[in-house]
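Next come the chains, spelled out residue by residue.
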Amino acid sequence: MEARGLKRKAYYARRIRRAARLLFYRRHRKPGVKGWELRRSLGSDYPKILDILDNYLDKLGLQIKTVFEEEKPAEKPTLEQLDKARFYVTLKGGLESKEARLIGWRIDDIAGLAIAISYIIAKKGKVPRQEIEDLLRVKLPGWRADMNLQRYIRSGYLVEDEGGQLYLDWRTRAEVDQEKLVNLLLGGEELKKKTLEETEA
Amino acid sequence: MSSEKRPSKKLGRERLQRIIDLCRSVEERGLDPFIVDVEDLIAVIREYFPQWELPEDLCLDAETINQLSSVIKHQSDWVKHRSTSLYTDPFLLEEKIRRLSGGELASLFIRAWNPIVEMEQLSLRGLVEALSYWQSLLPLNERWAKAIPLERGMGATTREELIRQRLMVEKAFSEELEVLWTELKERVGKEGKIRYWDFIGADTYEETVERAYMTSFLVTYGYATLEIHKLEEEVFIKPFEKPESLAEKKEVISVPFSIGEEDWRKWKQGA
């Protein structure tokens, strides 16, 4: 009985290690792993293995983020939805100001990204590029606004269609807690003050 | 005579076109879809519909309905979005964004930002594999060395030699096709048709394949046709007196035939 338990434990330990490697190392042009790839490598109980790994990562301030192909299902996702979803490891609980500097982004760049993302969210997910450029030019020189926008598109935060409309792209869906961002921006002065104090501490 | 004046078709077309433009501008410019009064526009479409007879007018009518339906979908999405927690008044948000400094905005954003974590690391195994690849890799001057063509002396050849080497065919293709067509016409007899295998079958398998290949062109180019009896699983080939052009054929279909060596043996035993 005990031997069977140990065997089972070893089985999961091996698969958790494999899952971690799959998730941390980039194998394609885009980071992250598709559900079907995880199923092929870890077996059909991969959602359970990811849950265990997620618990480990939680202690390190990391999490496994699932980005569904379409909108996030209201109820428990089906295996088919999970197979089509993409899984990433992201930081958990946001960054501190000092940490943000380690990422290598200037504060202007981060602010510009915040403006672009929140404005697109407010406009129901679609905004003409010109409107975002105008908004960025209020506080940034024109050349920098254009360069930043290109950078956000290249990194996968935004995507532009043929008609010059900007949408949120895969990286925003993976990395940004959209609801929290809007609440922070629109939240009362108290909340904003608290957040700013926390990040400056 | 009706006392009611019928609206002119020209005006109707213009009005439908205006509806299409309005719907498109709502979609393309992201305007509030509720500026479109759907009921009013449906009344306009209904008013002109009995007059449309030409296909172009009916297409315009269908396009108008299509555009209007996409506006209704936008209205539905709009309501759904407003009912979610993500709904924010864009003007209010714009105002907030304008009031915050770059630093404040960035500080707020990083609270909701969880960047993807990735690792880049070279493993010992990877290094060993790369070294082994490097050792087996030829130097550039060897890999890119131009292939020097072998020097061969000039000489004369004969037509027979070229035919033997398959650089030249014995007969021109069309000439060969005509010969086969003549043979087919001679062999069909009174019935005007011959079994496919009886026609293509030859003493050797190679020759049979060659005859099947040429026969396929006889059919494709309209020198002959196939008669397929599905129930009896029999195929006959019938020559035409004059080649028929492809354009004259009502329907062109491809019929695959398997000319396997086993099939040929069976035919040979039966023949």
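Just so you know, these numbers come straight off a predicted model, no measurement behind them. Per chain, residues are indexed from 1 in the order of the written sequence. As a convention, the first chain written is A and the first ligand written is 1, with the rest following in written order. At least 70 in pLDDT is required for a residue's local features to be given in this predicted model, at least 80 for side-chain atom pairs to be given and counted, and no such filter applies to totals for whole chains, interfaces and linings, which use all residues.

**Digging into the overall build of chain B**
Alright, step 1. If you tally the helices and strands in chain B, you get twelve helices and three strands.
Alright, step 2. Burial is judged by counting other C-beta atoms within 10 Å of a residue's own C-beta: 20 or more means buried, 12 or fewer means exposed, and anything between counts as partly exposed, with every C-beta placed from the backbone. Out of the 271 residues in chain B, the part that is buried amounts to 15%.
Alright, step 3. We call two residues in contact if the C-beta atoms placed from their backbones are at most 7 Å apart. Contacts in chain B between residues at least 24 apart in sequence constitute 61% of all its contacts with a sequence separation of at least 6. The numbering of helices and of strands both runs from the N terminus, where a helix is a DSSP run of H or I of at least 4 residues and a strand a run of E of at least 2.

**Quick look at the overall build of chain A**
Alright, step 1. Of regular secondary structure, chain A possesses eleven helices and six strands.
Alright, step 2. Here chain A holds 201 residues, and 31% of them are scored as buried.
Alright, step 3. Within chain A, residue pairs in contact and separated by at least 24 positions form 58% of the contacts whose partners lie at least 6 positions apart.

**With respect to the interface of chain A and chain B**
Alright, step 1. At the interface, 50 residues of chain A touch 30 residues of chain B.
Alright, step 2. Elements that contribute at least two residues to the side of chain A that touches chain B include exactly strand E3 (86–91), helix H5 (97–102), helix H6 (107–122), helix H9 (170–175), helix H10 (178–186) and helix H11 (189–200) of chain A.
Alright, step 3. The class makeup of the residues in the side of chain A that touches chain B is 30 nonpolar, eight polar and twelve charged. Under the scheme applied, nonpolar residues are Ala, Val, Leu, Ile, Met, Phe, Trp, Tyr, Cys and Pro; charged residues are Asp, Glu, Lys and Arg; polar residues are all the others, including Gly.

**Thoughts on the nonpolar core**
Alright, step 1. Buried Ala, Val, Leu, Ile, Met, Phe, Trp, Tyr and Cys residues form a nonpolar core when they are connected through C-beta atoms within 7 Å. The biggest cluster of nonpolar side chains holds 54 residues, and the ones touching the most others in it are Ala114, Ala116 and Ile117 of chain A together with Phe109 of chain B.
Alright, step 2. Each of domain 1 (2–93) and domain 2 (98–200) of chain A accounts for three or more of the residues forming this core.
Alright, step 3. Ranked by size, the runner-up nonpolar core spans eleven residues in total, among them Trp181, Trp197, Tyr223 and Ala224 of chain B. The source of the domain bounds is an automatic or database domain assignment.

**Comments concerning the pairing of E3 of chain A**
Residues and elements named next belong to chain A.
Alright, step 1. Counting buried positions along E3 yields six of six residues, so the element is predominantly enclosed.
Alright, step 2. Only when DSSP finds a minimum of two bridges between them are two strands counted as paired. Examined bridge by bridge, strand E1 (residues 33–34) and E3 share two bridges and lie antiparallel to one another. Its bridge partner being in E3, lysine 34 is matched across the sheet by arginine 86.
Alright, step 3. In the sheet, strand E2 (residues 62–67) pairs with E3 via six bridges, with the strands oriented antiparallel. Within E3, the position partnered with glutamine 63 by the bridge is threonine 90.

**Concerning the sheet that holds strand E5 (residues 158–160) of chain A**
All names here are of chain A.
Alright, step 1. A sheet is described by the order of its strands in space; here three strands give the open sequence E4-E6-E5, paired in antiparallel fashion. Only two strands of the sheet have a single partner each, and these edge strands are strand E4 (127–128) and E5.
Alright, step 2. Pairing of E5 with strand E6 (residues 165–168), which is carried by three bridges, proceeds in the antiparallel orientation. What sits directly across from valine 159, in E6, is tyrosine 167.
Alright, step 3. Only the stretch in contact is used when fitting a helix axis, every axis being a line fitted to C-alpha atoms; angles between N-to-C directions are given from 0 to 180 degrees. Lying over the sheet, H6 contacts E4, E5 and E6, oriented at roughly 95 degrees with respect to E6.

**Side note on the pairing of E6 of chain A**
All names here are of chain A.
Alright, step 1. Side chains of E6 alternate between two faces, with Leu166 and Leu168 buried and Gln165 and Tyr167 left unburied.
Alright, step 2. Alignment of E4 against E6, held across two bridges, turns out to be antiparallel. Across the sheet, the residue bridging to proline 128 is glutamine 165, located in E6.
Alright, step 3. Once E5 ends, the chain turns through four residues before running back antiparallel as E6, passing glycine 164 with a positive phi of about 75 degrees.

**Regarding the sheet that holds E2 of chain A**
All names here are of chain A.
Alright, step 1. Strand order in the open sheet formed by three strands is E1-E3-E2, with antiparallel pairing between adjacent strands. Unpaired on one side and paired on the other, E1 and E2 mark the two borders of the sheet.
Alright, step 2. Against the sheet, helix H3 (residues 46–58) makes contact with E2 and E3, and its axis sits at roughly 140 degrees relative to E2, the strand it touches most.

**Some points on the packing of H6 of chain A against helix H4 (residues 90–99) of chain B**
Alright, step 1. Put simply, H6 of chain A and H4 of chain B touch, their axes get as near as 9 Å, and they point 165 degrees apart. What the angle tells us is that H6 of chain A and H4 of chain B run roughly antiparallel. Considering how the two elements wind past one another, H6 of chain A and H4 of chain B form a crossing that is right-handed. Mapping the contact onto sequence places Ile115, Ser118, Tyr119 and Ala122 of chain A in H6 of chain A and Pro90, Leu93 and Ile97 of chain B in H4 of chain B.
Alright, step 2. Of the residues that constitute the contact of H6 of chain A with H4 of chain B, the class distribution is six nonpolar, one polar and no charged. The scheme is simple: roughly parallel for angles under 35 degrees, roughly antiparallel for over 145, roughly perpendicular for 65 to 115, oblique for anything else. By convention the crossing between two helices is left-handed if the near helix lies anticlockwise of the far one by an angle smaller than a right angle, and right-handed if it lies clockwise.

**A look at the packing of helix H7 (residues 129–137) of chain A against helix H8 (residues 142–155) of chain A**
All names here are of chain A.
Alright, step 1. Contact pair H7 / H8: the axes reach a minimum separation of 9 Å and the direction vectors enclose 130 degrees. The angle between H7 and H8 falls in the class oblique. Handedness of the H7/H8 crossing: right-handed. When H7 is examined against H8, the residues Ile132, Glu133, Leu136 and Arg137 are found in contact with a partner set consisting of Gly142, Ala145, Asp146, Asn148 and Leu149.
Alright, step 2. Among the residues forming the contact of H7 with H8, the class breakdown is four nonpolar, two polar and three charged.

**Digging into the confidence of the model for chain A**
Alright, step 1. A residue's pLDDT is the confidence the predictor assigns to it, expressed on a 0 to 100 scale. Scored by pLDDT, chain A comes out at a mean of 85, with 91% of its residues at no less than 70.
Alright, step 2. For chain A, the element scoring lowest by mean pLDDT is H11 of chain A, at 57; E5 of chain A scores highest, at 94.

**Considering helix H2 (residues 35–42) of chain A**
Along an α-helix, residues three or four apart share an orientation, since each turn contains 3.6 residues.
All names here are of chain A.
Alright, step 1. Inspection of H2 places Gly35, Leu38 and Leu42 among the buried residues, and these make up the whole buried set. Mapping the buried residues of H2 onto a view down its axis gives an arc of 60 degrees, with all of them on the same face.
Alright, step 2. Looking at the residues trailing H2, positive phi occurs at glycine 43, about 100 degrees. Along the arc lie the directions from the helix axis toward the C-beta atoms.

**Describing the confidence of the model for chain B**
Alright, step 1. Averaged over all residues, the pLDDT of chain B is 80; the fraction at 70 or higher stands at 85%.
Alright, step 2. Reported confidence for the predicted complex is 0.78 by ipTM and 0.54 by pTM.

**Digging into the environment of glutamate 261 of chain B**
Residues and elements named next belong to chain B.
Alright, step 1. Following the sequence through the fold, glutamate 261 ends up in helix H12 (residues 261–270).
Alright, step 2. Assessed through the 11 C-beta atoms surrounding it within 10 Å, glutamate 261 is described here as exposed.
Alright, step 3. For the pair formed by glutamate 261 and threonine 208, sequence separation is 53 residues and the distance between their alpha carbons is 9.4 Å.

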